[in-house]
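Below, each chain spelled out in residue letters.
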Amino acid sequence: MGSAAKKSAKDAKDSGSAARKARIEEMRRAERSRERRNRILTIGVSVVIVAGLVVGATVLVKKQSDDSDTAATDSKGAGKFVTAADGVKTWDKKLTQNHVTKTVDYPMEPPVGGDHNQVWMNCNGDVYAKALNNMNAVHSLEHGAVWVTYNSKASKTDVDALAAKVKKTPYTLMSPDDKQADPIMLSAWGKQRTVTSAKDPNVDKFLEEFVQGKQTPEPGAACTNGLSQ
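In this text, all values refer to a predicted model and were calculated from it rather than measured experimentally. (Residues numbered from 1 in each chain as written. Predicted model: local features only at pLDDT ≥ 70, side-chain atom pairs only at ≥ 80, totals over all residues. Heavy atoms only, no water.)

A short note on the environment of K165
Link 1 in the chain: Structurally, the position occupied by K165 is in helix α5 (residues 156-167).
Link 2 in the chain: Looking at K165, the relative accessible area reads 24%, which means it is partly exposed.
Link 3 in the chain: With sequence-adjacent residues up to four places away left out, K165 is seen in contact with V203, D204 and L207. (Helix = DSSP H or I, 4+ residues; strand = E, 2+ residues; numbered from the N terminus. Buried < 20%, exposed > 50% of the residue type's maximum accessible area, 1.4 Å probe, protein only. Contact = heavy atoms within 4.5 Å.)

Regarding the nonpolar core
Link 1 in the chain: Membership of the largest hydrophobic core comes to 43 residues, with the highest contact counts inside it found for L132, V146, L162, L173, M174 and F206.
Link 2 in the chain: Of all the secondary-structure elements, those providing two or more residues to this core are α1 (3-44), α4 (134-142), β4 (146-150), α5, β5 (172-176), β6 (184-188) and α6 (201-210).
Link 3 in the chain: When near neighbours in sequence (up to four residues on either side) are disregarded, V146 contacts Y171, T172, L173, S187, A188, F206, L207, F210 and V211. (Core = buried A, V, L, I, M, F, W, Y, C linked by side-chain atoms within 4.5 Å.)

What about the packing of aromatic side chains?
Link 1 in the chain: Tallying each qualifying case throughout the model produces two aromatic pairs.
Link 2 in the chain: When the ring of F81 is compared with that of W91, the centres are 5.0 Å apart and the planes differ by 80°; the resulting orientation is edge-to-face. Here the residue F81 occupies a position in strand β1 (residues 81-83), and W91 occupies one in strand β2 (residues 89-91), the gap between them amounting to 10 residues.
Link 3 in the chain: Taking the relative accessible area as the measure of exposure, W91 reaches 11% and is therefore buried.
Link 4 in the chain: Between K89 and the ring centre of F81, over which it is positioned, the NZ or CZ distance is 4.7 Å. (Phe/Tyr/Trp six-rings, centres within 6.5 Å; stacked < 30°, edge-to-face > 60°. Lys NZ or Arg CZ within 6 Å of the ring centre and 35° of its normal.)

Points about the sheet that holds β2
Link 1 in the chain: Sheet architecture is open: seven strands sit in the order β1-β2-β7-β6-β4-β5-β3, paired in mixed fashion. Strands at the two margins of the open sheet, each flanked by one partner only, are β1 and β3 (124-127). Direction aside, neighbouring strands of the sheet carry axes that sit 20° apart on average.
Link 2 in the chain: Judged from the three bridges that link them, β3 and β5 form a sheet pairing that is parallel. Paired with D126 across the bridge in β5 is L173. (Pairing = 2+ DSSP bridges. Axes fitted to C-alpha atoms, helices over the stretch in contact; angles between N-to-C directions.)

Here's the deal with the state of the cysteines
Link 1 in the chain: By the definition in use, this model includes one disulfide.
Link 2 in the chain: Paired through a disulfide, C123 and C223 show a sulfur-sulfur distance of 1.7 Å. Since a negative S-S torsion denotes a left-handed disulfide, the C123-C223 link at about -95° is left-handed. On the criterion of sequence distance, the pair formed by C123 in the loop between β2 and β3 and C223 in the segment after α6 is long-range, its members being 100 residues apart. With respect to burial, C123 and C223 carry one shared label: buried. (Disulfide = S-S within 2.5 Å.)

Points about the confidence of the model for the protein
Link 1 in the chain: Per-residue confidence for the protein gives a mean pLDDT of 83, with 70% of residues at or over 70.
Link 2 in the chain: Contacts of residues 41-75 to residues separated by more than four positions or lying in other chains number 22 contacts, the stretch itself having pLDDT below 50. (pLDDT = per-residue confidence, 0-100.)

The following block contains the structure:
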């Protein structure tokens, strides 16, 4: 490749990276603004909340019970991955988004969507040393996060390199998953792929496309103030 072509490729890569960083920063500003509004709203309606506590609690319990009853059926519905030419797999059925209390039996591992716990895992570049509860991690995917997972076959070098990358990337999280089939896997809402190593160029491609990507059901939703190990 000539020097001009190399420079053009580098400029294109830098441009894409800058665009992704700008998009993520805009989402973070929106999240901070939403948190400020929520604090003001909480103070303003506190009296109303107290007055309606009994009624609200009754409705909440009923809703959670109703959602829990649908968990098993929704998560075991028909569906399969369809693999594109670039190696990215897409779940071919609509994934449900109910908040449930029962344990969800997902049809894929790691899961890429479906019913989930009402509390998300923190996904602001968070790296976890232990396996996560899938139901909390799926909620993070709903918010537009990419989940990096690895099993015992992944090398320490790759794990360390991926962890360093995740820590620098908002709307990502990483954890071990010994139940998954391949050493290193990347998951977003409805999307998944295997990569060969931390140096695989498909790592950056997946992050570029799916961190707060078009597949996100709730773009800009929080990746902080959730659950952490």
